[in-house]
Amino acid sequence: MQIISPANIRLWSRLGACGAFGQATLDLPLINDKAVVLTSDLCTFSGLERFKKKYPDRLYNTGIAEQNMVGIAAGLAKEGFIPFATTYATFAAMRCADQVKVNMGYMQLGVKLVGMTAGLSAGILGATHMSLEDIAVMRSVPNIVILSPADCLSVVKATWTAAETEAPVYLRLSGTMNSPIVYKEDFNFEIGKAITLREGKDIAVLATGSMVYNALKAAEQLEEKGLSVRVVDMHTIKPVDLETIQKACSTKLIVTVEEHSVYGGLGGAVAEILALKSDKPPHLIIGVSGNYPHAASYQFLLEQTGLSAEKIALKIQTTYEEIYK
């Protein structure tokens with residue numbers, strides 16, 4: 001097994017989420033001898049070249065046929081294998097929706113579907129490759145675990161954890177190369193258990209995926225304005241951590257932040273829980289709203305959609321002051 005060390009954490013960060021996933025796959029056969037990996041003609045993009053060289057009999061390239069890939073992965077799972085099927089997140093969730101529903105949701109076969117470049121990270125290719133609906137789609141299908149790691153160490157931990165999980169899993173990878181580091185040392189990654197990264201009493205920010213780092217930076221800016229901000233890494237969106245959401249109700253404002261549509265994602269999951277509570281603070285959902293952005297660089301799209309740390313801080317501060325002026 002690869003050692004979780006400062007040097008490896010920096011290496012994985014430089015590689016980005018896809019590269020870190022590729023590194024994590026090198027240990028999958030050590031975790032479970034039945035582990036295999038599938039790709040829809042995205043071997044290099046998915047960081048799987050080293051895996052291909054080390055385990056040539058464990059990698060299946062189905063070509064640009066994502067629906068077939070999920071079907072093949074389901075067949076392998078039925079025969080006792082632990083298949084990781086990789087493609088663009090938008091194709092995994094949208095193009096393969098029927099195969100996901102039948103094989104992963106209904107039949108509950110242990111396919112680990114890996115959605116690459118989720119959110120806006122493939123935005124230079126245009127709206128067809130932006131994945132802003134995938135959490136909403138996957139949340140609506142029963143029996144699927146949804147993991148959304150915050151940084152590249154989290155990607156490695158989530159991949160290893162998924163290999164030990166019998167349930168079907170959707171692993172959502174967001175961000176680009178040279179990904180910011182949230183976790184500088186090893187930590188406990190447990191499905192369904194969120195991680196509080198920063199304490200605060202005024203505002204609770206529940207963030208997921210690439211937005212965890214931006215939420216931490218936004219919290220620092222808000223602290224300078226005299227606001228006490230709690231930041232939580234919601235790395236598991238399904239099953240959602242009910243206890244953490246309950247604790248967030250002790251603050252004056254709950255904020256959810258995600259690189260996803262404001263409809264049906266983490267914000268929707270939290271809102272559904274809060275809807276059943278009578279004693280709850282206001283809830284601000286920060287994500288992508290409106291029409292699809294035009295093709296552009298990742299950082300430009302984050303700014304344009306209000307997902308940079310500065311824009312997140314400003315939105316939270318403005319909302320808080322409007323409520324408690």
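Structure: above.
Residues numbered from 1 in each chain as written. Predicted model: local features only at pLDDT ≥ 70, side-chain atom pairs only at ≥ 80, totals over all residues. Heavy atoms only, no water.

A. Inspection of the nonpolar core at higher detail. Counting residues in hydrophobic clusters, the biggest one holds 70 residues, and the most contacted among them are Phe21, Phe84, Leu120, Ile203, Val255, Val257 and Ile316. Examining the composition of this core, we find that 8 residues originate from one element, helix α8 (residues 152–163), more than from any other. Not counting chain neighbours up to four residues away, the residues in contact with Val255 comprise Ile203, Ala204, Val205, Leu206, Leu284, Ile286 and Ile316. (Core = buried A, V, L, I, M, F, W, Y, C linked by side-chain atoms within 4.5 Å. Buried < 20%, exposed > 50% of the residue type's maximum accessible area, 1.4 Å probe, protein only. Helix = DSSP H or I, 4+ residues; strand = E, 2+ residues; numbered from the N terminus. Contact = heavy atoms within 4.5 Å.)

B. Quick look at a nonpolar patch on the surface. Together, Val102, Tyr106 and Met107 line one region of the surface with nonpolar side chains, adding up to about 320 Å² of accessible area. Structurally, the position occupied by Tyr106 is in helix α6 (residues 97–106). (Patch = residues over 30% accessible without salt bridge, like charges linked within 9 Å, V, L, I, M, F, W, Y side chains within 5 Å. Areas by Shrake-Rupley, 256 points an atom, 1.4 Å probe, with all protein chains shown as cover. Salt bridge = Lys/Arg side-chain N within 4 Å of Asp/Glu carboxyl O.)

C. Broad picture of the packing of aromatic side chains. Applying the stated rule across the entire model yields 7 aromatic pairs. Ring centres 5.5 Å apart and planes at 85° place the aromatic pair Tyr88 and Phe91 in the edge-to-face group. Just as Tyr88 is buried, Phe91 falls in that class too. Between Lys157 and the ring centre of Phe187, over which it is positioned, the NZ or CZ distance is 5.6 Å. (Phe/Tyr/Trp six-rings, centres within 6.5 Å; stacked < 30°, edge-to-face > 60°. Lys NZ or Arg CZ within 6 Å of the ring centre and 35° of its normal.)

D. Inspection of the sheet that holds strand β3 (residues 82–88) at higher detail. Spatially, β2-β1-β3-β4-β6-β5-β10 is the arrangement adopted by the 7 strands of the open sheet, whose pairing is mixed. Both outer strands of the open sheet, β2 (59–61) and β10 (236–238), are each paired with one neighbouring strand and no more. Across the sheet, the axes of successive neighbouring strands diverge by a mean angle of 20°, strand direction being ignored. Bridge analysis of strand β4 (residues 112–118) against strand β6 (residues 169–174) gives 5 bridges, and the strand direction is parallel. Among the inter-strand pairings, Gly115 is bridged to a residue of β6, identified as Arg172. On top of the sheet, helix α4 (residues 66–78) reaches β1 (35–39), β2, β3 and β4; it is set at about 170° to β3, its chief contact. (Pairing = 2+ DSSP bridges. Axes fitted to C-alpha atoms, helices over the stretch in contact; angles between N-to-C directions.)

Everything listed is a geometric property; what it means functionally is a separate question.
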